[in-house]
Amino acid sequence: MSAFAKRTVIESDVCIIGSGISAAMVADRLSRTMKGRIVVVEAGDEAPPLGQRYALRERFMEYGENPWPNDHLDGYEMEGPLQSRSMQVGGLAMHWGGVTPRFSPEDFRTRSMFGVGTDWPISYDELDPFYQEAEELMGVAGEQGPAAMDPRAKPFPMAPMPLTYNLGLLKEWTAKAGITMWSQPVAKNSRPYSGRAECCRNDTCSPICPIGAKYSPDFTWSRLRARNRVTLYPRTLVRKLVLHDGSMRIASAQAVQRNVKGAGTPVEFRAKTFVVAAGYVWSSHLLLLSASSRAPAGLGNRSGNVGKYLAGHRNQQAFISLPIKLFPGINGQHSLLSKQFMRSPVGTEYLRHDLRVWESTFDRGPRLKGDDGALMLGDEVMRDWRERTRTGVARVRAYYDVIPDRSSELTLDPARKNAWGDPLPRLAFRDAPASAALREHSVGAIQTLFQTMASAGGGTVIQREEDDARGWQDHPVGGCRMGDDPATSVVDKWGRAHDHENLFVVGAPTCVSASCANGTLTFTALALRTASEIAR
Amino acid sequence: MPLSRRAFLGALAAAMPAAVLIRHAHAAAVDDIAASPRTLQALGEAVLPSELGRAGTLAAVSAFQRWIAGYREHVELVHGYGTSALGTTGPTPATKWAAQLDALDRTARADGARSFAALPLERRREIVRRELTALKADRIGAVGRAPHVALALLSHWYDTPDATNRCYQVKIDKENCRPLATSARRPLPLAQVRT
Ligand SMILES: Cc1cc2nc3c(=O)[nH]c(=O)nc-3n(C[C@H](O)[C@H](O)[C@H](O)COP(=O)(O)OP(=O)(O)OC[C@H]3O[C@@H](n4cnc5c(N)ncnc54)[C@H](O)[C@@H]3O)c2cc1C
Ligand code: SF4
């Protein structure tokens, strides 16, 4: 029976909007630290249960079908680069790769240390305990890197993913180039953890782990729902937050329970505290949609900064052929990591980047035509393939900083509306002028590094790639930037909206910058920190 | 006598709406390939490596047939990264591939043979080479987008863990569940690989 069959006003102490990984962390911590009623509102459908995921993975492997059927809202094609169309219980982290590096201490102080960007209102040390908590909740398998590059107060909850035979050889190679690398931390089980299985390296972490060895938020929701600690309303889109008559506090979230196409049942969520956990797009979008006569530019937007400072990073990638025999396919999604280049050297042009190395099949797959252009069939194809795989190929990638700019923004698109008549977001990522000026230098320096690496191993760079598809910046953040000054930020250092004392925004949208690494672990650490403030 | 594939499709086209027609055409093509598998098997012998032997080739062809039978049109594809555009699977390749198998038999008959399967291996390869050259095929790509059934069969088999194992002559078993602990050691040699 529908959760709304009996009533259309739902009351709670905390109402969390969105059910992605950041929301899951908030709910988990609140369920342990406060007594009140927690309600979660999610626009998308329930994710298929674990028992169905082997079959869904098969369809994905064979035919490329989406292993999370219908995990989107129809009619949400928008202008600008969207990370993913996925909207379902668990959010994007149902698809994610589970790669969980922390940001580096320097990320929080780029202005003071290097004179670029903006310092965060919190330090790495303040976030460290919440990083730890997130790693323990998700189950992160990681290797402690050299303390100067990779500081942490406590050990990882799980031993690292073992380096495969291939990665072992590649690590020896990078050492010859003077680079220290170690096993990438991942939210995948290197042993049975939290009732979930050990990883069996079948290599489809993104988009789907069939055995639950990779953490995804549905596990947290199942546990909290089984214990009656949260009530989760799927298929329910929040359209607007509404202010109390006499104050700037939020009174309710006006939502629609989606039923048939274009229709829906209106629902009102009333709560003492509202947590917007809708990711880097939908959080600012909802605040902008919530404009009213007392908040004409949208909620939390007296500074005009909602939707601004979208940020991410770019990468340079290369494929390097090496005179070593590799056996691709042992655990292909796993990589080596280095944070050796996260500190920009003093006195040189600003450049910070991480570095990753994977095994690769690039230029080492079976082919139809030989070097002479002749078409091969039968034994010829296999013979040619064997010959070419006597040596291996490494994929190397460096994510480098893009300094955020106010003009990098999410706005409401008057030309595109959803089924309920609300304008869709329009996304435009832009580099800060200082960043744009540094781009050529960054690209050149990273390519030189790749060349040095190739030479150190007696190898050759056989392909170079740059990710800049349609202005995309990867691992996106921003839109509700945190800061101490209400004139230049949307939320304070706890994620509380400067303009509304009972409204919090968590995770990706609050980040000041995007570092040079995947951000989700940082989003979840920030979300836990916000939850600690809500429960205080 | 059963209706020929083309006659059957023609009759359907006259009688049914497009969506229903496509579904039936797919099913008819799948049935047709299954009912007379000799041509596809003969194609397998021509394009797959001989080290598979007869049993291995038949197994590879059967797996490919299962792939064809399991194909579904207009199903949502995994989401692209960095875009809001959604994609769906395309029209069934089965009808085109069934027609191409017919064409191989026709060519063989023009050669004076009873069927494609009755031709010597080298002659079969010549025909396939000519077909692929005419289609400007130059890579082993995704199965579903293969412009010719010969290429689809090649793509399908070369994507298997067995193909990778045979190439490297060790047991990698890519994309299968394997113990984590053994990933650090060099994969073990295959017990029996005929090269
Ligand atoms: C293919 C892929 C691979 C990735 N791999 C990695 C990786 O390896 N490492 C890494 O760090 N990151 C990775 N990411 C990114 C990572 O998945 C995201 O950063 C993370 O999941 C974001 O979580 P979130 O909770 O902030 O937001 P989301 O996951 O976007 O969750 C927000 C939820 O809110 C819901 N919602 C939105 N608006 C409303 C509304 N108005 N009313 C109700 N509900 C609403 C949405 O439906 C959604 O479920 C990957 C992403 C993709 C797509
Ligand atoms: S390698 Fe396989 S088992 Fe391990 S986390 Fe990824 S999908 Fe799950």
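Residues numbered from 1 in each chain as written. Chains lettered and ligands numbered in written order. Predicted model: local features only at pLDDT ≥ 70, side-chain atom pairs only at ≥ 80, totals over all residues. Heavy atoms only, no water.

Draft legend 1. Spotlight on the overall build of chain B. A tally of helices and strands in chain B yields eight helices and zero strands. Along chain B, helices (α) and strands (β) appear in the sequence α-α-α-α-α-α-α-α when read from the amino end. The buried share of chain B, reckoned over its 195 residues, is 47%. Long-range pairs, those at least 24 residues apart, make up 51% of the contacts in chain B with a sequence separation of at least 6. Surface exposure of chain B reaches about 9700 Å², of which carbon and sulfur atoms provide 57%. (Helix = DSSP H or I, 4+ residues; strand = E, 2+ residues; numbered from the N terminus. Buried < 20%, exposed > 50% of the residue type's maximum accessible area, 1.4 Å probe, protein only. Contact = heavy atoms within 4.5 Å. Areas by Shrake-Rupley, 256 points an atom, 1.4 Å probe, with all protein chains shown as cover.)

Draft legend 2. Region of the structure containing the site of ligand 2. Neighbouring ligand 2 are 13 residues, the closest being Cys199, Asn202, Asp203, Cys205 and Cys209 of chain A. For the shell around ligand 2, the class distribution of residues is seven nonpolar, two polar and four charged. (Near = heavy atom within 4 Å. Nonpolar A, V, L, I, M, F, W, Y, C, P; charged D, E, K, R; others polar.)

Draft legend 3. Inspection of empty space enclosed by the protein at higher detail. Residue and element names in this part refer to chain A. If you walk through the whole model with that rule in mind, you get seven cavities of 30 Å³ or more. In this structure, the largest cavity occupies an estimated 120 Å³ of space. Lining the largest cavity we find 17 residues, and of these Cys199, Arg201, Asn202, Asp203 and Cys205 sit closest to its centre. Looking at side-chain class alone, the lining of the largest cavity contains nine nonpolar, four polar and four charged residues. (1 Å grid on protein atoms, 1.4 Å probe; cavity = no way out; pocket = protein on both sides within 12 Å on 5 of 7 lines; lining within 4 Å. Points joined across faces, edges and corners; volume = space filled by probe spheres on them.)

Draft legend 4. Looking closely at the domain arrangement of chain B. Residue and element names in this part refer to chain B. With domains assigned, chain B is organised as domain 1 (12-159) and domain 2 (161-195). Measuring from the centre of the C-alpha atoms in domain 1 to the corresponding centre in domain 2 gives 28 Å. Of the residues lining the interface, seven residues belong to domain 1; the matching set on domain 2 comes to eight residues. For the pair domain 1 and domain 2, the summed buried area comes to about 610 Å², and 41% of that belongs to carbon and sulfur atoms. When the buried surface of domain 1 facing domain 2 is broken down by residue, Glu51, Trp157 and Asp159 rank first, second and third, together holding 78% of it. Connecting domain 1 to domain 2 are two salt bridges. Across the salt bridge formed by Asp159 and Lys174, the nearest N and O atoms sit 3.5 Å from each other. At the boundary of domain 1 and domain 2, one finds two residue pairs in polar contact (both at pLDDT 80 or more). (Domains from an automatic or database assignment. Buried area = accessible area lost by both parts, 1.4 Å probe. Salt bridge = Lys/Arg side-chain N within 4 Å of Asp/Glu carboxyl O. Polar contact = N/O pair within 3.5 Å; in protein donor to acceptor, adjacent residues only side chain to side chain.)

Draft legend 5. Summary view of unusual backbone geometry. Residue and element names in this part refer to chain A. The omega torsion of the bond from Ser206 to Pro207 falls at 20 degrees, within 30 degrees of zero and hence cis. Structurally, Pro207 can be placed in the loop between β3 (182-183) and α6 (217-226). One non-glycine residue, Ser194, lies in positive phi territory at about 55 degrees. Along the polypeptide, Ser194 turns up in the loop between β3 and α6. Here Asp363, not a glycine, exhibits a phi torsion of approximately 60 degrees, which is positive.

Draft legend 6. Broad picture of the packing of aromatic side chains. Inspection of the entire model under this criterion finds 20 aromatic pairs over all chains. Ring centres of Phe429 of chain A and Trp472 of chain A lie 6.2 Å apart, and the angle between their planes is 75 degrees; this geometry places the pair in the edge-to-face category. On the criterion of sequence distance, the pair formed by Phe429 of chain A in the loop between β13 (423-428) and α9 (433-456) and Trp472 of chain A in the loop between β14 (460-466) and β15 (474-479) is long-range, its members being 43 residues apart. Look at Trp472 of chain A and you get buried, because its relative accessible area is 6%. By way of ring pairs, the aromatic residues Tyr63 of chain A together with Phe64, Trp67, Tyr71 and Trp97 of chain B are connected into one cluster. Just above the ring of Phe219 of chain A sits the side chain of Arg196 of chain A; from NZ or CZ to the centre is 5.3 Å. (Phe/Tyr/Trp six-rings, centres within 6.5 Å; stacked < 30°, edge-to-face > 60°. Lys NZ or Arg CZ within 6 Å of the ring centre and 35° of its normal.)

Draft legend 7. Spotlight on the state of the cysteines. In this structure the tally under the stated criterion is one disulfide over all chains. Between the sulfur atoms of Cys200 of chain A and its disulfide partner Cys177 of chain B the distance amounts to 2.1 Å. Of this pair, Cys200 of chain A sits in the loop between β3 and α6 while Cys177 of chain B sits in the segment after α8 (161-168), which puts the two residues in different chains. Judged by its relative accessible area of 40%, Cys177 of chain B is partly exposed. With no disulfide of its own, Cys516 of chain A lies 13 Å from the sulfur of Cys511 of chain A, the closest cysteine sulfur. On the basis of relative accessible area, Cys516 of chain A is assigned to the buried category, the value being 0%. (Disulfide = S-S within 2.5 Å.)

Draft legend 8. Inspection of the pairing of strand β1 (residues 9-17) of chain A at higher detail. All names here are of chain A. Summarising the sheet, β1 and strand β7 (residues 264-276) pair through eight bridges and their orientation is parallel. Across the sheet, residue Val14 finds its bridge partner in β7, namely Thr273. By the bridge criterion, four bridges tie β1 to strand β2 (residues 38-41) in an arrangement that is parallel. Within the sheet, the bridge partner assigned to Ile17 lies in β2 and is Val41. (Pairing = 2+ DSSP bridges.)

Draft legend 9. Here's a closer look at the nonpolar core. Ranked by size, the top nonpolar core spans 100 residues in total, and within it Ile16, Trp120, Met138, Trp221, Leu241 and Phe269 of chain A carry the most contacts. It is helix α10 (residues 520-535) of chain A that provides the largest number of residues to this core, a total of eight residues. In this structure, Val381 of chain A together with Ala94, Ala146 and Ile172 of chain B belong to the second largest nonpolar core, which totals 57 residues. (Core = buried A, V, L, I, M, F, W, Y, C linked by side-chain atoms within 4.5 Å.)

Draft legend 10. Structural detail: the site of ligand 1. In the vicinity of ligand 1 there are 34 residues, among which Glu42, Leu92, Val99, Val238 and Thr520 of chain A approach most closely. Around ligand 1, the nearby residues trace back to chains A and B. In the environment of ligand 1, an oxygen atom lies 3.2 Å from a nitrogen or oxygen atom belonging to the backbone of Gly98 of chain A. Take Thr520 of chain A: an N or O atom from its side chain is 2.7 Å from a nitrogen atom of ligand 1. When ligand 1 is considered free in solution it has 1000 Å² of accessible area, and contact with the protein chains removes 93% of it. Counting residues per element, the shell around ligand 1 draws most heavily on strand β5 (residues 236-243) of chain A, which supplies three residues.

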